[in-house]
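Here is what each chain is made of, one letter per residue.
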Amino acid sequence: MNIRLPNAPLTDEQLLQLNNLLQGLEGWQIDWLSGYLSGYRAAQATTDPVSATVAERIKLTILYGSQTGNTEAVAGQLAEKAIASGIDATVFDMADYKPRELKNEQYLAVLTSTHGEGEPPDNAMDLYEFLGGRKAPGLKGLEYSVLSLGDSSYEYFCQTGIDFDERLQKLGATALIPRVDCDVDYDAAAEQWINSFVDSLSSKIQASAPQSPAAASSAAPVVESIYDRKNPFPAPILENQLLNGRGSSKEVHHVELSLDGSGLTYQPGDALGIYPQNDPLLVAQLIETLAFDADATVELDERSDTLLNALMHHREITLLTRPLLEKWAELAGSEELTQLVEDKSALTEWLRGRDVLDLVQSYPIAGLDANGFINLLRKLPPRLYSIASSQAAVDDEVHLTVAAVRYHSHNRDRGGVASTWLADRVTDDTTIPVYIDANKNFKLPADDDAPIIMIGPGTGVAPFRSFMQEREERGARGPNWLFFGDQHFLTDFLYQTEWLGWRKSGLLTNLDVAFSRDQQEKVYVQHRLREKAVEIWNWLQDGAHIYVCGDADNMAPDVNEALLDIICEQGQKSREDATEFLRQLTRDKRYQRDVY
Amino acid sequence: MTTKLSEAEQLKVDSRYLRGTIAEGLDDTASGAISDDDTKLTKFHGTYMQDHRDLRDERRRQKLEPLYSFMVRLRIPGGVVSPQQWLGLDAIADSCSNSTLRISTRQTFQYHEVLKKDLRSLMQQVDALGLDTRGACGDVNRNVISNVNPHQSAIHSEIHQLALAISGRLCWQSSSYAEIWLGEECVYQPGKSEEPFYGEQYMPRKFKIAIAVPPENDSDVLANDIGLIAIIENEKLIGFNVAVGGGMGLTYGEPATYPRLATVAGFVPADRIVDACEAIAAIQRDFGDRENRAHARFKYTIDDHGMEWFGEKFAEYHGEPMTEAKPFELLRNGDRFGWTESENGHSNLTLYFNCGRIADTEKAKERTALREIAKVHQGEFRMTCNQNLVIANISPEQRPIIEKLVEQYGLDDGSARPALRLNSMACVALPTCGLAMAESERYLPTFVGKLEQIMSDIGLPEQLINIRITGCPNGCARPYLGEIALTGKAIGRYNLNLGADFSGQRMNRLYLENVDEATILAALQPMLEQFAEQREQDEHFGDFLIRAGILGAERTPETLHQPLKTTV
């Protein structure tokens, strides 16, 4: 057991001591210790005069959903009045508010208009759906009130406010004062609501004598999970969203999985291993072609299972390997296949775009039984995906960016086993067997002030989303620069709204994009790099770390070449020196790549 | 300046004569949008940012920004373009827009679904045709519209020259246009004025001028801030009756906002009419409300100060007062479809287009047809204020060629279809207009189709009725001048307004509020049946409703806000 949080606010020595202590403890002892520590801290807090006054201040979060600005104005009035009464009030546009912050709130004001036929205003949509959806947290202990603005000439008068009220209540929150629904002449009613809301809050200030913030749920100590590669955690699916707009030829899914209760932890840059299921249609075709019984018992890694299960979950059938072909050739007794196996380049050519069904159809083995067949095939290996989230931002969730791999070859539509499983065949009830595959060689700089340049076209952008979430949560001040590319701006800009949001908030310093098919000549990220040569060189002088993620065959070498050219030109170095410069960056962990 | 300016006014002042950060926004390739402030400034440049509202929710889930695009509106005073210009404008529809041309209710072209990356290219192509987009939107004088006069070519030519002159006089001048769109060097210097007429605050609100030649009122002349009614004596244009303070928009639930028809103030001779328009615009520039944008149109300035005040101010600004208005008679505000002859022996053909949309579809190759006509036509094209098109000044030699093309492509000269469609008008609304609360252009054919059925059942298939639909109360399709008008309240729900006249001289009133199609039809059916039985010779539906006592004739701000009925 080891604490491995790079951002733990402890010195190396303290970490060592802590690790030494924890290693000797049983689980129940750790549980006791965690309770002890939070009590210890609470006792400290009450004797600390600064903390005591802070504890007295009531924190009020004001959220508004507004189409025309009226609601926003009322939210401002509430904030003004609350602040004047000594309440620590903050106003958020609902679209700018992180829904998962809700569970940390104590007092909440929700102000919203209603749009059209009872729909929420655009900026309220995310929060509205979050509260009504699977990811909504329990909100016991939250006290709130809702003010809804509407127009009673509409059938669904103030419906959005009513919905918010009901959803909050359902999640366990308590209404501090009852909801008020205002008609078009809202001023008087809104003012009354503001006054009684602020009065109720003010009376709370008086009532709350300085008391210890009792057993606040402190962060659980880092305990290594019982789940790993050999024992994957069945992760429920929270969300599965196609990211490409209409008309795109790409199909990339944003998949959110729950790690709740698994104890699994990960860091930005790590990958998630997934044990996929094969396509039942392909499995059925195989069984039919071989004329086997799906229910036949087969021996499988020291236990037995049905043939169907073995093929669905435990054996690779979409990829052919050389060893399999060699074994197969021996048993099939086919002259042709034997020759093919011996001719390396011909074999490579034949393997391309073919799977086990092709092999079975082309070179049948006489007398092959189900058990023998299963033992020829290799185990279905897990698929790795770069994680697209940071736990600092998403707690016990893990997010992936999965491109569905589909192609047509040798008269059949085929697909990548894991990506098409996630795209086509999982339901809300499916659990995905997962484990964390740590990647020490793709990590944010330890120095939060260091600049980073992220080059991630296509799904290569995934780890950079985790980087940004992490740096945002950490309050890291280092400049961040993303180079993203794909086919079309309108449909393929993965996580566009998030990047724009981070640029707007100032977290993302530069955002450069290349969309290859939006103009006559193809433009890729390496072209954008070259255009920004001077600035990139300046960033490198300032200690920037460069990260490249994505396609290993073309993109990564092209980007490498562009970087070399930039170093040559801007640093006035020979090719040789530039290569050495880049090597040194690699040794210093300032040039890291996650390419596949 | 001692008092603090309103946000909208401050934005104009800070914009450095409409530059803002528009150029930087166009260069940002990571977003299809421009900044909020810039979206207000680009209106002056003739373009609105919009987004595909049908896809908003879907794209939000996909973590994609809304599908932003731009509507670009041209400045074409009097709506006249040459065949060469037509061909250029047609080509732009393919290279930069959605392959359709749309004639607006102010006699100009609108392009829709123009992506940010294509905006500059579009503006440059427009410039190359000798046209521009200055002031097609924004707080300035908008496109000056005029009667198309298919049958009076000589008068039309004179009127058209005046429309050009008025538009030219009141066009904004800042070099920002050439810098942002045409790539010219920035010449901005702090403290140096680039707007001799407007100054750095421009107008308090949009400003609209229209010209009518009686008895035709196809330009809905009284719906404008300045309405010029041509006075012709002995076949000579002697001058104009000048009406002031018209405007269509209102805000639901705010009785202080209301549409208003312009009031005739007096007569101005033709040779001083451009100066007179400038003087009137200057009065509004100096006295319009710059604090409350909902109260900033000229109609409120006129009502706040009164006509007498206006008369005095006009004399002061113009150097001489207006003389007494001359008698005139306006008979209709629709278009006259089909062939007409001009005095000079040439002919004109007015063609119908559904909501002004010119497209190549399975049913009809309208764009191709007009392109073929433009290749041979030697006269001009005149867009009408009702979103239709006149192929004007066709010589006797050319006429058979044009006739053949019209027949070959099945263009609609108004003779074939049921009558109701000919006088129907709708704004664009969903999916692109950000203000729309309900469907309009996409709904018009359905609604009119259902009314046509009723009209046919009651034996009045040939009866003309002005029908107008808008997606919101702001008035792009001049809905308060419809004999039957719907203004959008929510998806599938409208306010039903009834009882305008047929010539654009009496507004309608609110009849039912926030009702669905079934309720609207249930309300109209018995009225139309009664109309069929009891109407007098040449009586129009709007007039009948008043004579029959179904509605009063009085029009006040209240009659446009308080529904007459709450149920059918």
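As the structure is a computational prediction, the values presented were derived from the model and not from experiment. (Residues numbered from 1 in each chain as written. Chains lettered and ligands numbered in written order. Predicted model: local features only at pLDDT ≥ 70, side-chain atom pairs only at ≥ 80, totals over all residues.)

Trainee: What is the right way to look at the overall build of chain B in this model?
Mentor: When you go through chain B residue by residue, the secondary structure sums to 16 helices and 20 strands. For chain B, whose C-alpha radius of gyration is 23 Å, the value lies close to the compact-globule estimate of 24 Å for 568 residues. The principal-axis extents of the C-alpha atoms in chain B amount to approximately 70 × 60 × 55 Å. Nonlocal contacts in chain B, meaning residues at least 24 apart in sequence, comprise 66% of its contacts between residues at least 6 apart. (Helix = DSSP H or I, 4+ residues; strand = E, 2+ residues; numbered from the N terminus. Rg over C-alpha atoms; globule rule 2.2 N^0.38 Å. Contact = placed C-beta atoms within 7 Å.)

Trainee: Looking at this model, I keep getting lost on the interface of chain B and chain A. Mind explaining?
Mentor: When the parts come together, some accessible area is lost, and that loss is often what is quoted as the size of the interface. Taken together, the contact pairs 19 residues of chain B with 24 residues of chain A. Broken down by secondary-structure element, the contributors of at least two residues to the side of chain B that touches chain A are α4 (56–61) and β20 (509–515) of chain B. Looking at which element gives the most residues to the side of chain B that touches chain A, the answer is α4(B), with five residues. Across the side of chain B that touches chain A, the residue classes tally to six nonpolar, five polar and eight charged. (Nonpolar A, V, L, I, M, F, W, Y, C, P; charged D, E, K, R; others polar.)

Trainee: Looking at this structure, how should I read helix α3 (residues 36–44) of chain B?
Mentor: A turn of α-helix holds 3.6 residues, and therefore any two residues three or four places apart point the same way. Residues and elements named next belong to chain B. Most of α3 is tucked away: seven of the nine residues are buried. Of all the residues in α3, the buried ones are D38, T39, K40, L41, T42, K43 and F44. Of the surrounding secondary structure, the elements contacted by the buried residues of α3 are α1 (7–14), α2 (22–27) and β1 (47–51). Within two residues after α3, G46 carries a phi angle of roughly 90°, on the positive side. (Buried ≥ 20, exposed ≤ 12 C-beta atoms within 10 Å, placed from the backbone.)

Trainee: Got a minute to help me understand the nonpolar core in this structure?
Mentor: Side chains that are nonpolar tend, in soluble globular proteins, to be buried together. With 150 residues, the main nonpolar core has L228(B), V242(B), V244(B) and I391(B) as its most contacted residues. Both domain 1 (339–349 + 359–414) and domain 2 (420–547) of chain B contribute no fewer than three residues apiece to this core. Membership of the second largest hydrophobic core comes to 75 residues, among which are V252(A), Y266(A), V513(A) and C549(A). (Core = buried A, V, L, I, M, F, W, Y, C linked by C-beta atoms within 7 Å. Domains from an automatic or database assignment.)

Trainee: Can you help me understand unusual backbone geometry in this one?
Mentor: Phi is mostly negative for residues that are not glycine, and the peptide bonds are mostly trans. Note the cis peptide between P214(B) and P215(B), where omega equals 5°. The topology assignment puts P215(B) in the loop between β7 (209–212) and β8 (226–233). Here the residue pair L430(B) and P431(B) is connected by a cis peptide bond, since its omega of 5° sits within 30 degrees of zero. Among the structural elements, P431(B) can be located in the loop between β16 (424–426) and α14 (444–457). With a phi close to 60°, C158(A) is a non-glycine residue in the positive phi region.

Trainee: Teacher, can you tell me more about the domain arrangement of chain A here?
Mentor: With domains assigned, chain A is organised as domain 1 (12–216), domain 2 (236–273 + 382–437), domain 3 (280–376) and domain 4 (452–595). Distance between the C-alpha centres of domain 3 of chain A and domain 4 of chain A: 43 Å.

Trainee: Could you clarify how one ought to interpret the sheet that holds strand β8 (residues 252–258) of chain A in this entry?
Mentor: Adjacent strands of a sheet form backbone hydrogen bonds with each other and so pair up, either parallel or antiparallel. Residue and element names in this part refer to chain A. Spatially, β12-β9-β16-β7-β8-β13 is the arrangement adopted by the six strands of the open sheet, whose pairing is antiparallel. Of all the strands in the sheet, the pair left with one neighbour each is β12 (383–386) and β13 (397–403). Sheet twist, expressed as the mean angle between neighbouring strand axes with direction ignored, is 40°. Here four bridges tie strand β9 (residues 271–274) to β12, and the two strands are oriented antiparallel to one another. By the bridge assignment for β12, A271 is matched with S386. (Pairing = 2+ DSSP bridges. Axes fitted to C-alpha atoms, helices over the stretch in contact; angles between N-to-C directions.)

Trainee: Please clarify how the packing of helix α22 (residues 555–571) of chain A against helix α23 (residues 575–587) of chain A should be interpreted in this entry.
Mentor: Relative placement of two packed helices is described by the angle separating their axes and the distance separating the axes. All names here are of chain A. The geometry of α22 relative to α23 is characterised by a closest axis approach of 9 Å and an angle of 115° between their N-to-C directions. Here α22 runs over α23; the crossing is right-handed. Contacts between α22 and α23 involve L563, L564, I567, C568 and G571 from the former and R575, A578, T579, F581 and L582 from the latter. Grouping the amino acids of the contact of α22 with α23 by side-chain chemistry returns seven nonpolar, two polar and one charged. (Left-handed = near helix turned anticlockwise from the far one by under 90°.)

Trainee: Hey, could you run me through the packing of helix α5 (residues 83–95) of chain B against helix α12 (residues 366–376) of chain B in this one?
Mentor: Residues and elements named next belong to chain B. Taken N-terminus to C-terminus, the directions of α5 and α12 make an angle of 145°; their axes are 9 Å apart at the nearest point. Crossing geometry of α5 relative to α12 is assigned as left-handed. Across the interface between the two elements, P83, W86, L87 and D90 from α5 touch R367, L370, R371 and A374 from α12. For the contact of α5 with α12, a count of residues per class yields five nonpolar, no polar and three charged.

Trainee: How should the confidence of the model for chain A be read in this particular structure?
Mentor: Low-confidence regions, as indicated by low pLDDT, have predicted coordinates that should not be scrutinised in detail. Averaged over all residues, the pLDDT of chain A equals 89, while 90% of them reach at least 70. Contacts for the low-pLDDT stretch residues 45–55 of chain A, under 50 throughout, to residues beyond four places or in other chains number nine contacts. (pLDDT = per-residue confidence, 0-100.)

Trainee: Would you take a moment to explain the pairing of strand β14 (residues 380–383) of chain B for this structure?
Mentor: Each regular strand displays side chains that alternate between the two surfaces of the sheet. All names here are of chain B. The two faces of β14 match: E380 and R382 on one face and F381 and M383 on the other face are all buried. Relative to β14, strand β3 (residues 80–81) runs antiparallel, the two being bridged by two bridges. What sits directly across from V81, in β14, is F381. Taken together, the four bridges between β14 and strand β15 (residues 389–394) define a ladder with antiparallel strand orientation. For E380, the partnering residue across the bridge sits in β15 and is A392. Connecting β14 to the next strand, β15, in antiparallel fashion are five residues, including Q387 with a positive phi near 70°.

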